[in-house]
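Notes for the structure review
These are the residues of each chain, in order.
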Amino acid sequence: MNVSEKKYNLIDLFAGAGGLSNGFQQTGRFEIAGAVEINKAAIETYVHNHKSEKQIIITPPDGEVSDISNLDFKRIMMEKGLHPSETVVIGGPPCQGFSNANRQKNYLISGNNQLVKEYARAIDEVSPVAFLMENVKTMNSATHKFFVTEHADNSIYAYSSEKHLKKINNGEDPFWQIDELILLETTKVEYKELIDRIVEMENVKPLITNEIELSRIRSVIRKLKKPKTYNPTSLKEKKELSEIKQVINSLLKYDSGELNAEAKFIDIVNKALDTFKEIANGSNTDNQKLLNNLQSFTEINQLLRYLKELEDERIYKVEGPKAEDPEIDEDEKLKVVVKVKSYNIVVYLEKFFKYLGYKITLGTVHSNHYFVPQKRQRFMILGVKADVTKCDEITFPKRYSENDFTVRDAISDLEKISPSHNVEENELPYNVALNKTLMQKYYRSEINKNILYNHINTDSEPLSRKRFEEIKRNEGKNFHSLSAELKEVSYTDASRTQNTVYLRLDYDIPSPTVINVRKSMWQHPTKAVALSIREAARLQSFKDNYVFKGSKDKQYQQIGNAVPPLMARAMAEQILYYLGEEPIHYLKNEFN
């Protein structure tokens, strides 16, 4: 093994707030050559924690947005003077699942999942000596799949065409197969001629595509299904009323194009428009009538959205949809079905990385195995160039300690420091001199003054405070520990509320998976208050010198999205081992 000061260049993709790269840097053997991140608040945090060097964020020559789909990594390597043998790529491409077609067990690809292919493209173009990819633990499930696309050279579609799949499959039986997608299933059989016309169209244009507007429409439909007549006229409903007006505005601007002469289509749009206007005016008297008006509108918009998605993603269609495809089944339902070819994401990535010459290991990794005071599971793929490692196979690092760090180990020293409620008040005095735990000494190890950053929480509403106080008083665990009165005041069906809502942390065990703890209303173990940003960051294993930027909610979100630095650090040490190197600072020594 070589104990040296040599540092590997690190390219950090989908960098977020920087938890993954921070763990690698803690070994003393990696330095950031560049990071790719599109979220403005996360960029602000990342840049601040890297000496405020804005150029650390990689952007295309003709733009300011760090969008991976617009980056040429071969050019970047050349411009930065980076050599593949001294470069490591890390990152966690978002993999947000797939849109569910009419609640059937069939899925259309979401554009977000193209980002997994963009990560694969980056590995192909950079050809790093090693890489680490992390993702949600459910990534290796049957529903996470790609669809075979038409082939297009020098594009992301070159990584999902059948030509490409055959090339990387090494002559084995195909891992892609015929799949069936239900684009529409409706009882409105009288619309068959209109549906025939829609699926024949060359260019489809959905009625509503904006995610905020789509979410509001779904919310309106849920409320129309309730017994109470829905008229959002109160001050509390100001936001939803504004978004309903936004839907109305979009429909007024809609150009029906090829469907302009289709009387049934125009009628569907006009009925939807009148329905939203009636709700916006507070003149609704019949929920069921409005629901009936919106059924055809939502179904037709869904069909148009899915057809547009097939077109935009260049998904290869084995059959249909064509005019003869929409048909009425034996249950008197009108269906639009398309046959495509699909394949599992993880099977593809394993095949592709091995084709590129990597030895890899993949699977679920547990953060608490590496001193993180939290039970978080992530799916990871670790790869090392086969021609640079002497090991026959590679694995993830074994568990470092049988004993888990707890919430007490992580945050008990902050108990008597009252959080501020204002992001502008980002520095509080830290005067805890003695009795710090090993974990707390780690957090404070790189901060030279008695200051605590980001110890900020929500100035909770009276109802939230009442709930916090009752849960604490009764030594409850979460929302389900509340009295019926405090549950039902704002939840129609309280039984469906997740166990992570109003979660009160337990000092004596590791934290559950940290999410956006502000949205989920997480509570301190011993105080009837919301968990602070710094406390959440500590549960993720960020040191206290790591400062978060942006609005309060964006800081909470960055932390919830992050990879725990100590978990990343263990992976970095493993990569160094396979490269015949050692860290300058061993993780195990940190907690002796």
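For the structure, check the block above.
Now for a description of the structure that goes with this document. The structure displayed is predicted, hence computed values, not measured ones.

Parameters and conventions
Residues numbered from 1 in each chain as written. Predicted model: local features only at pLDDT ≥ 70, side-chain atom pairs only at ≥ 80, totals over all residues. Heavy atoms only, no water. Buried < 20%, exposed > 50% of the residue type's maximum accessible area, 1.4 Å probe, protein only. Helix = DSSP H or I, 4+ residues; strand = E, 2+ residues; numbered from the N terminus. Pairing = 2+ DSSP bridges. Right-handed = clockwise from strand over helix to strand, strands pointing away. 1 Å grid on protein atoms, 1.4 Å probe; cavity = no way out; pocket = protein on both sides within 12 Å on 5 of 7 lines; lining within 4 Å. Points joined across faces, edges and corners; volume = space filled by probe spheres on them. Nonpolar A, V, L, I, M, F, W, Y, C, P; charged D, E, K, R; others polar. Axes fitted to C-alpha atoms, helices over the stretch in contact; angles between N-to-C directions. Parallel < 35°, antiparallel > 145°, perpendicular 65-115°, else oblique. Left-handed = near helix turned anticlockwise from the far one by under 90°. Contact = heavy atoms within 4.5 Å.

**Let's talk about the pairing of strand β2 (residues 30-36)**
Within β2, 6 of the 7 residues are buried, which leaves the element mostly enclosed by the surrounding structure. Pairing analysis gives 6 bridges linking strand β1 (residues 8-13) to β2, with the strands arranged parallel. Bridge pairing in β2 places Ile11 opposite Gly34. Considered for its hand, the β-α-β crossover made up of β1, helix α1 (residues 19-25) and β2 is right-handed.

**With respect to empty space enclosed by the protein**
As enumerated under the stated definition, the model contains 1 cavity of 30 Å³ or more in all. Roughly 50 Å³ of volume is contained in the largest cavity. Leu184, Thr186, Lys188, Tyr191, Ile195, Ser296, Glu299, Ile300 and Leu334 are the residues that line the largest cavity. Counting residues per element, the ones that place at least two in the lining of the largest cavity are β8 (177-186) and α10 (287-312). The leading source of residues in the lining of the largest cavity is α10, at 3 residues. Tallied by class, residues from the lining of the largest cavity come to 5 nonpolar, 2 polar and 2 charged.

**With respect to the packing of helix α8 (residues 238-253) against helix α9 (residues 263-280)**
Look at α8 against α9: their axes get within 10 Å of each other, and the N-to-C directions meet at 155°. By the angle between their axes, α8 is roughly antiparallel relative to α9. The chirality of how α8 crosses α9 is left-handed. On α9, the residues touching Leu241, Ile244, Lys245, Val247, Ile248, Leu251 and Leu252 of α8 are Ala272, Leu273, Phe276, Lys277, Ile279 and Ala280. Grouping the amino acids of the contact of α8 with α9 by side-chain chemistry returns 11 nonpolar, no polar and 2 charged.

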